[in-house]
Amino acid sequence: MTTITLALDANGQVVNALTAPKQAPYVCLECRAPMHVRRGDERAAHFAHDHEGGGCGGESVTHRAAKHLLRQQFEAEITEHATIRWGQRCAGVTGSCRLQVVLPVEFAVSGPADVREEVTYGRYRFDVAVTDSTGVVFGFEVYHRHLVPEQKAADLNVPWLELVAEDILEFKPRVPYRGGKSERRCPECEAAVQAARDREQRDQARAAQTSRYVVEVAQVHNAWRGIIQAARKADERQRQRRRPR
């Protein structure tokens, strides 16, 4: 039997069985039938249908709950900030960020816009999409067990992101499953990269100085060798002059 831990309350908000009030009415995200909370010592908190026989699955409920919550979040963000927000992981110094920093990214939404679930786009559908009078301006796919097929990913020609259902439901930073790594760096990693560049420049300067020193030493050596050879030749000429004839 599948345990359902998410449902909709009377205000249409996604709620968790761990914190949902016991006496309030709830609705199943999948079949829209009435539900109630069961929470006790013998079994983990969950929602149950008021009438037995509901065959709703946890996977479908998780996916639907994430879509519903994502739509609500984007509606609030667009109303308040006229932007869509998500995050990308810091590029790090050598492939990863020590602090696992998530850098903010924004997409401006200009003019009147709606956020809807299950929006048709060509021969495909977005789980959630921001639309205006021209159609879809930004799409979202919710990843739960099944990734967006490669052909669909290649065919979509509007901005879109694939977000993880569990991250949405746990209110974690929205880091896309694909394209989740930024080309930017957090201040600490940027400082580390700059320090590495500075060290490299100093090393290059020292190497150049050493090369010049080696050249100068060789020049001095050659000059002294020439002086010594000239002196020896002069001595030899002097000795030859002094020999009796």
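Figured I'd write up the structure that's included with this text. One numbering rule holds for all chains: residues counted from 1, following each sequence as written. Thresholds applied to this predicted model are a pLDDT of at least 70 for local features of residues and 80 or more for the giving and counting of side-chain atom pairs; totals over whole chains, interfaces and linings are not thresholded and use all residues. Working from all heavy atoms in the structure, the side-chain values ignore hydrogens and water.

1. Side note on the overall build of the chain
By the criteria applied, helices consist of DSSP H or I runs no shorter than four residues and strands consist of E runs no shorter than two, each listed in order from the N terminus. A tally of helices and strands in the chain yields 4 helices and 11 strands. Over its C-alpha trace the chain gives a radius of gyration of 36 Å, far above what one expects of a compact globule, namely 18 Å for 245 residues. Counting only C-alpha atoms and orienting by the principal axes, one finds that the chain spans roughly 140 × 50 × 35 Å. Think of it in three bands: with a 1.4 Å probe and only protein chains considered, a residue is buried below 20% of the maximum accessible area for its type, exposed above 50%, and partly exposed in between. Across the 245 residues of the chain, 36% fall into the buried class. Only the protein chains shown count as covering a residue, and every accessible area follows the Shrake-Rupley method with a 1.4 Å probe. Per element, the accessible surface of the chain, about 15800 Å² overall, is 51% carbon and sulfur. This count recognises Lys and Arg as positive and Asp and Glu as negative, with His and chain-terminal groups excluded. Note that the charge is assigned to NZ on lysines, CZ on arginines, CG on aspartates and CD on glutamates. If you average the places of the 36 positive and of the 32 negative side-chain charges in the chain, the two averages end up 19 Å apart. In this treatment the radius of gyration is a C-alpha quantity, and the globule benchmark scales as 2.2 Å times the residue count to the 0.38 power.

2. Topic: a nonpolar patch on the surface
For patch building, the residue pool is restricted to those with more than 30% relative accessible area and no salt bridge; the joining distance is 9 Å between like charges and 5 Å between nonpolar side chains (Val, Leu, Ile, Met, Phe, Trp, Tyr). One speaks of a salt bridge when a side-chain nitrogen belonging to Lys or Arg is within 4 Å of a carboxyl oxygen belonging to Asp or Glu. Nonpolar side chains collect at one region of the surface, where Val220, Trp224, Ile227 and Ile228 lie side by side and expose about 400 Å² of accessible area between them. Positionally, Ile227 belongs in helix H4 (residues 187-242). Using a relative accessible area of 47% as the deciding quantity, one classes Ile227 as partly exposed.

3. A look at the nonpolar core
Buried Ala, Val, Leu, Ile, Met, Phe, Trp, Tyr and Cys residues form a nonpolar core when they are joined through side-chain atoms within 4.5 Å. Membership of the largest hydrophobic core comes to 38 residues, with the highest contact counts inside it found for Tyr26, Phe47, Leu70, Ile84, Val130 and Phe140. Sorting elements by how many residues they give to this core places helix H1 (residues 58-81) first, with 7 residues. By definition in these notes, contact holds between two residues if any of their heavy atoms fall within 4.5 Å. If we skip the residues at most four places from it in the chain, Phe140 touches Leu70, Phe74, Ile84, Phe126, Asp127, Val128, Val130, Leu161 and Leu163. Within the second largest apolar cluster, 11 residues are counted, among which are Tyr124, Val136, Ala153 and Val158.

4. Quick notes on the pattern of salt bridges
Throughout the structure, instances matching the rule amount to 15 salt bridges. Residues Lys152 and Glu141 are paired through a salt bridge, measuring 3.1 Å at the closest nitrogen-oxygen approach. You can see Lys152 sitting in helix H2 (residues 150-155) and its partner Glu141 sitting in strand E10 (residues 135-143), a full 11 residues away along the chain. For the pair Lys152 and Glu141, one class covers both residues: buried. Among the salt bridges present, the one from Glu150 reaches Arg178, with a minimum N-O distance of 3.5 Å. On the criterion of sequence distance, the pair formed by Glu150 in helix H2 and Arg178 in the loop between helix H3 (165-169) and H4 is long-range, its members being 28 residues apart. Salt bridges here are not isolated pairs; linked through shared partners, they connect Lys67, Glu118 and Arg125.

5. Points about the side chain of Arg174
As for its placement among the helices and strands, Arg174 is situated in the loop between H3 and H4. Throughout this description, a polar contact denotes any pair of N or O atoms lying within 3.5 Å of each other; where both atoms belong to protein, one of them has to be capable of donating a hydrogen while the other can accept it, and for residues adjacent in sequence the pair is counted only when both atoms sit in side chains. Engagement of the side chain of Arg174 in a polar contact is seen with the side chain of Gln73, the distance being 3.1 Å. When sequence neighbours within four positions are dropped, the list of residues in contact with Arg174 reads Leu70, Gln73, Phe74, Glu77, Arg85, Trp86, Gly87 and Leu163.

6. Focus: the packing of aromatic side chains
Between rings of Phe, Tyr and Trp, where Trp is taken as its six-membered ring, a pair exists when centres lie within 6.5 Å; planes separated by under 30 degrees are stacked, by over 60 edge-to-face, and by other angles tilted. Counted by the stated rule, this structure contains 7 aromatic pairs. Both rings, one in Trp86 and one in Phe138, keep their centres 5.4 Å apart while their planes meet at 55°; by these two values the pair is tilted. Of the two residues, Trp86 is situated in strand E6 (residues 83-89) and Phe138 in strand E10; the sequence distance between them amounts to 52 residues. The pair formed by Trp86 and Phe138 is uniform in burial state, with each residue classed as buried. Members of the aromatic cluster, joined through ring pairs, are Phe74, Trp86, Phe107, Phe138 and Phe140.

7. Thoughts on the environment of Arg178
You can call Arg178 partly exposed: its relative accessible area is 26%. Contact partners of Arg178, with chain neighbours within four places excluded, come to Leu147, Val148, Glu150, Ala153, Trp160 and Glu162. From its side chain, Arg178 meets the backbone oxygen of Val148 in a polar contact 2.4 Å long.

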